[in-house]
Amino acid sequence: MGGYLGSVNLALPFLVGSIISLLGFVIGLFLIEENFVRPKKLNFKLISARISGIARESIDYGLRHKIIFWLLLSSFLMMAAYMPLNMFWQPRFNQLAGNQIWILGWVWAGFSLMMMLGSYVLQKIKTKNLFLPFLISIFFLSIPILLISKLAIFLPVFIGFMVHEVGRGMQVPLHKAYINRFIPAEKRATILSFDS
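All of these numbers come straight from a predicted model, not from anything done at the bench.

1. Some points on the overall build of the protein chain
Working step 1: Helices and strands together make up the secondary structure of the protein chain, namely eight helices and zero strands.
Working step 2: Counting helices and strands in the order they occur from the N terminus, the protein chain gives α-α-α-α-α-α-α-α.
Working step 3: Its C-alpha radius of gyration of 21 Å places the protein chain more than 25% over the 16 Å reference for a compact globule of 196 residues.
Working step 4: Referenced to the eigenvectors of the C-alpha coordinate spread, the extents of the protein chain come out at roughly 55 × 45 × 30 Å.
Working step 5: Out of the 196 residues in the protein chain, the part that is buried amounts to 28%.
Working step 6: Within the protein chain, contacts between residues at least 6 apart in sequence are counted, and of these 70% link residues at least 24 apart.
Working step 7: Of the accessible surface of the protein chain, which amounts to about 13,600 Å², a share of 72% is contributed by carbon and sulfur atoms.

2. Thoughts on the nonpolar core
Working step 1: Counting residues in each nonpolar core, the largest one holds 15 residues, and the members touching the most others are Ile68, Leu174, Tyr178, Ile179, Ile183 and Ile191.
Working step 2: Those residues within four positions of leucine 174 in sequence are excluded, and the remaining contacts are Leu122, Leu130, Pro133, Phe134 and Ser137.
Working step 3: With 14 residues, the next largest nonpolar core counts Ile101, Val107, Phe111 and Val157 among its residues.

3. Topic: the packing of aromatic side chains
Working step 1: Overall, the coordinates contain 14 aromatic pairs when judged by the stated rule.
Working step 2: For the ring pair phenylalanine 93 and phenylalanine 158, a centre distance of 6.5 Å and an interplane angle of 90° mean the geometry is edge-to-face. Within this pair, whereas phenylalanine 93 is found in helix H4 (residues 66–96), its partner phenylalanine 158 is found in helix H7 (residues 154–180), the two being separated by 65 residues in sequence.
Working step 3: The buried category is assigned to phenylalanine 93, whose relative accessible area is 0%.
Working step 4: Taken together, the ring pairs in this structure connect Trp89, Phe93, Trp108, Phe111, Phe154, Phe158 and Phe161 into an aromatic cluster.

4. Description of unusual backbone geometry
Working step 1: Residues other than glycine seldom take positive phi values, yet asparagine 99 does so here, at roughly 60°.
Working step 2: For asparagine 99, the position within the fold is in the loop between H4 and helix H5 (102–124).

5. Topic: the layout of surface pockets
Working step 1: Estimates place the volume of the largest pocket at around 260 Å³.
Working step 2: As for the largest pocket, its lining consists of Gly2, Gly3, Gly6, Leu10, Pro13, Phe14, Gln90, Pro91, Asn94, Ile101 and Leu104.
Working step 3: For the lining of the largest pocket, the elements supplying multiple residues, two or more each, are helix H1 (2–8), helix H2 (12–31) and H4.
Working step 4: When grouped by side-chain class, the residues that make up the lining of the largest pocket number six nonpolar, five polar and no charged.

6. A few points about the side chain of arginine 168
Working step 1: Looking at where arginine 168 falls in the secondary structure, it is placed in helix H7.
Working step 2: Residue contacts for arginine 168: discarding those within four places in its chain leaves Tyr82, Asn86, Met115 and Leu141.

About the criteria used
- Residues numbered from 1 in each chain as written.
- Predicted model: local features only at pLDDT ≥ 70, side-chain atom pairs only at ≥ 80, totals over all residues.
- Heavy atoms only, no water.
- Helix = DSSP H or I, 4+ residues; strand = E, 2+ residues; numbered from the N terminus.
- Rg over C-alpha atoms; globule rule 2.2 N^0.38 Å.
- Buried < 20%, exposed > 50% of the residue type's maximum accessible area, 1.4 Å probe, protein only.
- Contact = heavy atoms within 4.5 Å.
- Areas by Shrake-Rupley, 256 points an atom, 1.4 Å probe, with all protein chains shown as cover.
- Core = buried A, V, L, I, M, F, W, Y, C linked by side-chain atoms within 4.5 Å.
- Phe/Tyr/Trp six-rings, centres within 6.5 Å; stacked < 30°, edge-to-face > 60°.
- 1 Å grid on protein atoms, 1.4 Å probe; cavity = no way out; pocket = protein on both sides within 12 Å on 5 of 7 lines; lining within 4 Å.
- Points joined across faces, edges and corners; volume = space filled by probe spheres on them.
- Nonpolar A, V, L, I, M, F, W, Y, C, P; charged D, E, K, R; others polar.

This is how it looks when you write it as structure tokens:
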């Protein structure tokens, strides 16, 4: 829908998205009851102390446990490597598609479907050792992008990106599963917050 609206005016997807979000907020405000939440006064000193405590504990735990340290570091490096692709694919595809903005909505839908496919494929890999699926996800993330990096034809670039998105769909749950194996239950929320 955003692609078609953007073909008319690039401001429209943002306007319509904002209206839908606002409607969702209003509906939630009146229809969702959270009886289990007890409102507390905002205490910025307490909040900052908790955040710094979580960060300190996470860094300390991460540096002392080599597996956690390498998982956090590798995740950071991978995100630094492929996040620009996920931020700047629109101008590339728009250029390759001959400035037909409506196509970008379908490309985005394809990305989402391929990420779901990646998660599905991951469920079908029957192994207790997560290292091999982790390597497979890195292969899907990197090789297609290397192959299409110099191409200027829409279809092969689109296919390469789709394969890349399968890797993204595998990588996120794999990383979480891998890191959860090495975090004690009482530290899970703290380390996962730091990881995020």
